[in-house]
Amino acid sequence: MDHDLLLAHTTGKVDESVLVRSAPSAPGLPQALSHLAAAYPGTVLRDGLAVDDQLAEQRANAWVNYLVVGVIIAYTAITVVNTLAMSTAARRREFALLRLSGTARGQVVGMMRRESVIVIAAGVGIGTLLSAFPLVLVSMAVSGTPIPAVPGLGYLAIAGATAALAAAGTMLPTRMLLRIRPVEAIGAKE
């Protein structure tokens, strides 16, 4: 990379390290470097690359980032399932009324299955649309093209996990509510 271009993208706008390569038996190199370093306070001479230390630190930071993202994803999953389960449970009296008016259990399950498909399609569609703009911006900054490099399997895994969470958050409470006799469920207080 061009030195000035790279320097413009650093926070301090100065070189943080200088690599010196010499012949294995360069006479007087350590003394010359020591005198040069003494002229610039704060300069540290090292034998070997500092890149190894930086890579080790980046690996450690990557694991912390993965852990934080994992906790965020788990919290989001719990929130999605809990919200859907609570909104389905609030329909207890509606299910009971449907059952008392002659609707079969399978028809109620089918109704909820179709509602789940609509919620899943809306969630995946809106999520895809909302993530497209930031992904295009990142792609423009990184590769110069507006087409983001999103792996197809990764997208399908995210959409599939979203669908599974939404289906579980809706269908499991529905099946549990349909086990309650409709007469008991209609008279229950909210």
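All values reported here derive from a predicted model rather than from experimental measurement. (Residues numbered from 1 in each chain as written. Predicted model: local features only at pLDDT ≥ 70, side-chain atom pairs only at ≥ 80, totals over all residues. Heavy atoms only, no water.)

**Let's talk about the environment of glycine 106**
Piece 1. Locating glycine 106 in the fold gives a position in helix α5 (residues 105-142).
Piece 2. Considering only alpha carbons, one finds glycine 106 and tyrosine 155, 49 residues apart in sequence, at a separation of 32 Å. (Helix = DSSP H or I, 4+ residues; strand = E, 2+ residues; numbered from the N terminus.)

**Focus on the nonpolar core**
Piece 1. Residues Phe95, Val108, Val109, Met112, Met171, Leu177 and Leu178 constitute the largest nonpolar core, which totals 7 residues.
Piece 2. Mapped by element, the contributors of at least two residues to this core are α5 and α6 (152-177). (Core = buried A, V, L, I, M, F, W, Y, C linked by side-chain atoms within 4.5 Å. Buried < 20%, exposed > 50% of the residue type's maximum accessible area, 1.4 Å probe, protein only.)

**Overview of α5**
Piece 1. Across its 38 residues, α5 extends 53 Å between first and last C-alpha, which sits within 8% of the 56 Å expected from 1.5 Å per residue.
Piece 2. The largest bend along α5 measures about 30 degrees and falls at alanine 132, with the proline proline 134 one to four residues further on.
Piece 3. Within α5, the full set of buried residues consists of Val108, Val109, Gly110, Met112, Ser116, Ile120, Val124 and Ser139.
Piece 4. Glycine 144 occupies a position one or two residues after α5 and carries a positive phi of about 85 degrees. (Expected span 1.5 Å × (residues − 1). Bend = angle between axes of the 7 residues up to and from the residue.)

**Considering empty space enclosed by the protein**
Piece 1. Scanning all chains against the criterion turns up 1 cavity of 30 Å³ or more.
Piece 2. The volume enclosed by the largest cavity comes to roughly 40 Å³.
Piece 3. Together, Arg92, Phe95, Ala96, Arg99, Leu177, Leu178, Ile180, Arg181, Pro182 and Ala185 line the largest cavity.
Piece 4. Sort the elements by how many residues they give to the lining of the largest cavity and helix α4 (residues 92-100) lands first, with 4 residues.
Piece 5. A class-by-class count of the residues in the lining of the largest cavity yields 7 nonpolar, no polar and 3 charged. (1 Å grid on protein atoms, 1.4 Å probe; cavity = no way out; pocket = protein on both sides within 12 Å on 5 of 7 lines; lining within 4 Å. Points joined across faces, edges and corners; volume = space filled by probe spheres on them. Nonpolar A, V, L, I, M, F, W, Y, C, P; charged D, E, K, R; others polar.)

**Quick word on the pattern of salt bridges**
Piece 1. Under the defined criterion, the tally for this structure stands at 3 salt bridges.
Piece 2. Across the salt bridge formed by glutamate 94 and arginine 91, the nearest N and O atoms sit 2.9 Å from each other.
Piece 3. On the basis of relative accessible area, glutamate 94 is assigned to the partly exposed category, the value being 34%.
Piece 4. Here arginine 181 ties to glutamate 184 by a salt bridge, and the two come within 3.7 Å at their closest N and O atoms.
Piece 5. Owing to a relative accessible area of 52%, arginine 181 belongs among the exposed residues under this scheme.
Piece 6. The partly exposed category is assigned to glutamate 184, whose relative accessible area is 48%.
Piece 7. Within the structure, one salt-bridge network assembled from shared partners comprises Arg91, Glu94 and Glu115. (Salt bridge = Lys/Arg side-chain N within 4 Å of Asp/Glu carboxyl O.)

These figures come from the coordinates and say nothing about function on their own.
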